[in-house]
Each structure stands twice: as C-alpha cells, then as structure tokens.
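Here are the chains, one letter per residue:
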Amino acid sequence: MFSLKNKKTVVTGGGSGIGRAIATLFAKQGAEVHIIDLSLESAQETLDEIKKAGGTAFSYACNVADQKEVVATFEKIGNINILINNAGIANVGKVDTTAEADFDRVMDVNVKGVYNCLFAAIPQFRLSNGGVIINMASIAAWVGIPDRFAYSTAKGAVMAMTLSVAKDYIGENIRCNSISPARVHTPFVDGFISKNYAGKEAEMFEKLSQSQPIGRMGKPDEIAALALYLCSDEAGFITGCDYPIDGGFIKLNN
C-alpha cells in the first residue's frame, strides 16, 4: 500500500521542516523527488538524506514568487505525477500593524508562489495524463489566529485555490487537495520564536505547544504521512478537500 514507485514528485520548500519530511518519505516509497528551494544549499541536506537511503532526488534553486523562474524549472523537470506546494513564509501582525511591504511579501510567496507552481505544473501533468496536487494550507484558514492577519489571508486563498483547481481539472484526471496543519515543530518555528520572542523562547514554545488541545505541536513526519496517503492510488476517490491535522485545535478549542 501507498507505493509511489515511478511517481515523479515536485516538493517546493523541500529543504527543511514539513517539505523535507515529505520529500524523504516519498522517496522512501519509491518516488523520484524533485526539490525546489530558494538555493541549492537549502535543499542539500534533504538531497543527501534521500540519496544515502538509496532514493532518487534532484534539486533546483528557484524563487516560487518569480513566474519565469518557476516555469523554466518545471519545464526542466518535465512531466510530473505529484506536486506538493509547501513553500511558505510567516508574518506577525494585525491588519493595522502589518506593513504593506510585509503583506506583499507574504502574498508573493504564499499565494502567488502557489499560483505560479500550479500554472507551471498543469502542462506537465497533462503529459502524464493526470496526477495529484497537495497545497499546504493552515488552520489559520479555518479560525482566527491572533496577530496573523497576512498569513491567515494567504492560507485562506490557498484553500480557495485548491477547490478551484480540483473542480477545473477533475476531467483531466488531476486531483487537488489541501492539508491544514496546526503548529508543527520545525526549524522554521524555532527561528520564528527566536526572532519574535527573544529571551522568552522556552516560555513561548510551551505556550504554542499547549495551544493544541492534544498538548503538543505536530511532527513533520505526521504531516508527511497524511500527504503520502492523499497522493497514493489508495486515495484516488478524494479531491477538492481540505484536511486539518491539528491536535484538536479547530474542533476542541473553546
């Protein structure tokens, strides 16, 4: 079950965190993995881990916010079977404390970046007679997260894009779903806490962990396992859905 043998897979932001967990698991399950990240250095550890385990992987330096770069990268990769739109950035602020430049930066990566990859991937899916797309959304698209205006806005757009793509391409054998994690413990989270809560790192880590009713953050491997199922042939009847994986955050928080 859940074999991805001979499935050519693109993972954006595959150099660390959730993207890295997805890339390594998919390679383990037989996929040929193509990692897109801002720099080749960012993707190198993931690449090394996959190759050390006997898997097949390639990496590409590409800014997902630049459509010309994205299209050229996807043309280089060629026909694909799976796309994981995982690359994203965060920002702290309410609507009146979010600077225009920060808002634009989040939209460029988290919204336009997903659009660019979808735009570039559809012709490559057609060459493979279909495939599967996973867009990484967030619980922030479902509920109000304090001080996350731009991020929540962007992830709401990602969820809407997922539904649109699923409907538009269902006749071409292209499935599209999204995953909405709560807080997941990644280097991204550690860096975010360090940058925004200097001197209170341990306190904030515990606070963020306890914000999930289950009492901890998620693990990248847990998100990767859900992505694996949704991209497998066993999930062939699933499209146009969002999957919260949130330790009870949406339904159990009062």
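Calculation notes
Residues numbered from 1 in each chain as written. Predicted model: local features only at pLDDT ≥ 70, side-chain atom pairs only at ≥ 80, totals over all residues. Heavy atoms only, no water. Helix = DSSP H or I, 4+ residues; strand = E, 2+ residues; numbered from the N terminus. Polar contact = N/O pair within 3.5 Å; in protein donor to acceptor, adjacent residues only side chain to side chain. Contact = heavy atoms within 4.5 Å. Axes fitted to C-alpha atoms, helices over the stretch in contact; angles between N-to-C directions. Parallel < 35°, antiparallel > 145°, perpendicular 65-115°, else oblique. Left-handed = near helix turned anticlockwise from the far one by under 90°. Nonpolar A, V, L, I, M, F, W, Y, C, P; charged D, E, K, R; others polar. Salt bridge = Lys/Arg side-chain N within 4 Å of Asp/Glu carboxyl O. Buried < 20%, exposed > 50% of the residue type's maximum accessible area, 1.4 Å probe, protein only.

Trainee: Quick one: what's the story with the side chain of S180, residue by residue and with numbers?
Mentor: With respect to the secondary-structure elements, S180 resides in strand β6 (residues 174-181). For S180, the side chain forms a polar contact with the main-chain oxygen of S138, separated by 3.2 Å. Leave out the neighbours within four places in its chain, and S180 touches A137, S138, I139, W142, M159, D242, Y243, P244 and I245.

Trainee: Tell me about the packing of helix α3 (residues 67-77) against helix α4 (residues 100-127), residues and numbers included.
Mentor: It is at 9 Å that the axes of α3 and α4 come closest, and there the two elements cross at 30°. The angle between the axes of α3 and α4 places the two elements in the roughly parallel class. Of the two possible hands of crossing, α3 and α4 adopt the one that is right-handed. Residues Q67, V70, V71, F74 and E75 of α3 pack against Y115, N116, C117, F119, A120, A121 and Q124 of α4. Each residue belonging to the contact of α3 with α4 can be placed in one class, and the counts come to eight nonpolar, three polar and one charged.

Trainee: Would you mind going over the pattern of salt bridges in detail, with residue names and values included?
Mentor: For the coordinates displayed, the defined rule picks out six salt bridges. In this structure, R105 engages D102 in a salt bridge whose closest nitrogen and oxygen atoms are separated by 3.7 Å. With R105 and D102 both in helix α4 and three residues apart, this pair spans about one turn of that helix. Accessibility expressed as a relative area gives 28% for D102, which makes it partly exposed. For R126, the salt bridge goes to E172, with nearest N and O atoms at 2.7 Å. Residue R126 is located in helix α4, and its partner E172 is located in the loop between α5 (149-169) and β6; the two are separated by 46 residues in the primary sequence. Under the relative-accessibility criterion, R126 is labelled partly exposed at 44%. By relative accessible area, E172 is classed as partly exposed at 31%.

Trainee: Hey, could you go over the environment of P187 for me, with residue numbers and the actual values?
Mentor: Examined against the element boundaries, P187 turns out to sit in helix α6 (residues 187-196). Overall, the relative accessible area of 53% leaves P187 in the exposed class. Put simply, P187 and S16 are 171 residues apart on the chain and 7.3 Å apart in space, counted from C-alpha to C-alpha.

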